[in-house]
Amino acid sequence: MKQFSKLHRQIFSITTTLALITIVIISVGIASLLYTQGIDNAESVLRNKNRSVTTLINGYVAPLRKAVEYTSRPTSGIDHNHFREQETQEKIRSLFEILQNTIPNIHFIFSGYEDGSLLINDYTPPSDFNAVIRPWYQAAIKSHPFMSDGIPYQDINSKKWVVSFGKTLVDAGNKIVGVISIDAGMDAIVKALAIPDEKYPTIYNFVMDTEGKILIHPDKTLPDTLHQQIFSHLPGKMHASGSLSYSDGEQKRLAHFNRIDELGWIVVTEVNLSDIRQPIVKTITSTLLMIVIGSLFTTWLMSSILSRHLILPLKKLQKRVQDITEGKDELDKYVFPNNEIGKISEAIEKLTEKALIQKNIELKDKNALLSTISHTDQLTSIANRRKMMEVLHAEVSLYQRKHRPFSVLMFDIDHFKRVNDSFGHEVGDQVLVKLAQVIKTTIRKTDTLGRWGGEEFVIVCPNTDQKMALTIAENVFLAIHSHTFPLQINVTVSLGLSEFTINHSLESILVEIDQKMYRAKQTGRNRIQT
Ligand SMILES: Nc1nc2c(ncn2[C@@H]2O[C@H](COP(=O)(O)OP(=O)(O)OP(=O)(O)O)[C@@H](O)[C@H]2O)c(=O)[nH]1
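Residues numbered from 1 in each chain as written. Predicted model: local features only at pLDDT ≥ 70, side-chain atom pairs only at ≥ 80, totals over all residues.

Trainee: Would you mind going over the overall build of the protein with me for this structure?
Mentor: When you go through the protein residue by residue, the secondary structure sums to twelve helices and 15 strands. Each of the 530 residues in the protein was classed as buried or not, and the buried ones make up 28%. Taking contacts inside the protein between residues at least 6 apart in sequence as the whole, the part at least 24 apart equals 62%. (Helix = DSSP H or I, 4+ residues; strand = E, 2+ residues; numbered from the N terminus. Buried ≥ 20, exposed ≤ 12 C-beta atoms within 10 Å, placed from the backbone. Contact = placed C-beta atoms within 7 Å.)

And the structure:
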């Protein structure tokens, strides 16, 4: 599984936090905007529906009202004052017939008179019928001299709900003699009111009068009942139309109303608020979901881009610095980006390399110094016994592999104790140092002089046979004899030498030379024992 670096996690958590804060702020803003917009849209739907219903009602009742106006006027050619006369009644009936045939919305057109009589086509009233006490008659009298509001009432015979418009009939002396009225079936209006809306299924329309009494309603049980809840919220008459919200105890509703003043009707279109909220909540949820997904994707993208441009070079730098310090030859083939991070990374890498090279040099120097110290005799600065052993091993090895000859010389200062005793240890030291210098300048560059211990020295001579070794020994003797040592001390040495042969081992040749040197001492000192 991919390991996320600490920096990557930090960048991710910072960008995620910022994204979440942005999401919350944007979401709250968008949610309130969408909610307001949703309510506005719903109000506009209600307004349009209400307007079209109002237009339909106006269009429906306009010809009816015109017909009432026309028949009530003296210009219609009928003198209603003579309503009792046969001729007038026939005239009236034939006019009613014409109107009924011309205007399809007319359910019945009829006139009632002060004596309780009724003139109507194709309708037989009950025997006790009295026109004067009928609601349409009363309404017209009440509205005199204007036309009555459209009032709904139930037909006595059919029990069907109809709406009636009526107007008083007056004689020449302006005395009311009767009322002309038109009944219109409300089926068409009821149907129009009940047309469902696809977006808001609970939308419906109804009509009430200015007292809050329901006139027309899709629910046929409701006409003639009071709609107190909405009526109590309705603004005054100066508001011809508007929106309001109210609760009927069970449901919260949003409503739009429109007054049709000439009918005395108020057309109301309303919808359950939950019906509006549902699509708004849906829109808000899907919009917010898109925002959240979009923001999270952007966050992921941002953190990936940041990671590629910021974290990857740093990780590579970390790896390469580690590789450099571990001394790996092959470094990761990565090209740092051409920006500040890339430049800093390259600089750090170079710095690390430089520091490492410097450290290596120092280490080499120290190792060399250490090696010199460990192979050098402190007093005389020539090779010490350890170094001489290494040289001897190397020569033995060369002899064994390539049969290269070599010889070994070993000598000891004669009566050196006396030097120390007579002149002091320091002078003895000076003699040792001087002796080493003298011999070193005498022997060949390829020969190695070393201090074997105390006042004992060894010379390893590569490519040297016994004879040549003797020459070297003689040269050494000559150099010692001809050199003037401190305080003109007379220095002589006893020397033993051997050429390494097939029969020798390193140990055996050393024992052999030591014995030769001992013999030189025994036989008088200041001599060479071959
Ligand atoms: N000044 C000084 N004296 C040393 C050093 N190493 C050994 N000696 C002395 O060398 C002397 C060696 O003495 P001996 O082994 O008795 O031999 P010698 O006096 O040289 O006599 P022969 O070897 O028999 O000729 C001792 O007195 C040591 O103290 C040194 O580094 N400095």
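Moving on from the coordinates now.
Trainee: What exactly am I supposed to notice about the environment of S505 here?
Mentor: Following the sequence through the fold, S505 ends up in the loop between β14 (493-499) and α12 (506-522). For the pair S505 and V396, spaced 109 residues apart in sequence, the C-alpha to C-alpha distance is 7.9 Å.

Trainee: I would appreciate a short explanation of the confidence of the model for the protein in the present structure.
Mentor: Residues shown with low pLDDT carry predicted positions that ought not to be read at fine detail. Taken residue by residue, the protein gives an average pLDDT of 89. The fraction at 70 or more is 99%. Confidence estimates for the predicted assembly give a pTM of 0.52 and an ipTM of 0.98. (pLDDT = per-residue confidence, 0-100.)

Trainee: Could you clarify how one ought to interpret the site of the ligand in this entry?
Mentor: The local shell around the ligand holds 16 residues, among which D414, F416, K417, G428 and G454 are the closest. Counting residues per element, the ones that place at least two in the shell around the ligand are β11 (406-413), α9 (416-423) and α10 (425-442). In terms of residue count, the dominant contributor to the shell around the ligand is α10 (four residues). Partitioned by chemical class, the residues of the shell around the ligand number four nonpolar, five polar and seven charged. (Near = placed C-beta within 6 Å. Nonpolar A, V, L, I, M, F, W, Y, C, P; charged D, E, K, R; others polar.)

Trainee: Is there a simple way to explain the sheet that holds strand β13 (residues 456-462) in this structure?
Mentor: Within a sheet, each strand pairs with its neighbour through backbone hydrogen bonds, oriented either parallel or antiparallel. What the five strands build is an open sheet, ordered β12-β13-β11-β14-β15; its pairing is mixed. Strands at the two margins of the open sheet, each flanked by one partner only, are β12 (448-453) and β15 (528-529). With two bridges joining them, β14 and β15 adopt parallel strand pairing. Along β15, the bridge assignment pairs L495 with I528. (Pairing = 2+ DSSP bridges.)

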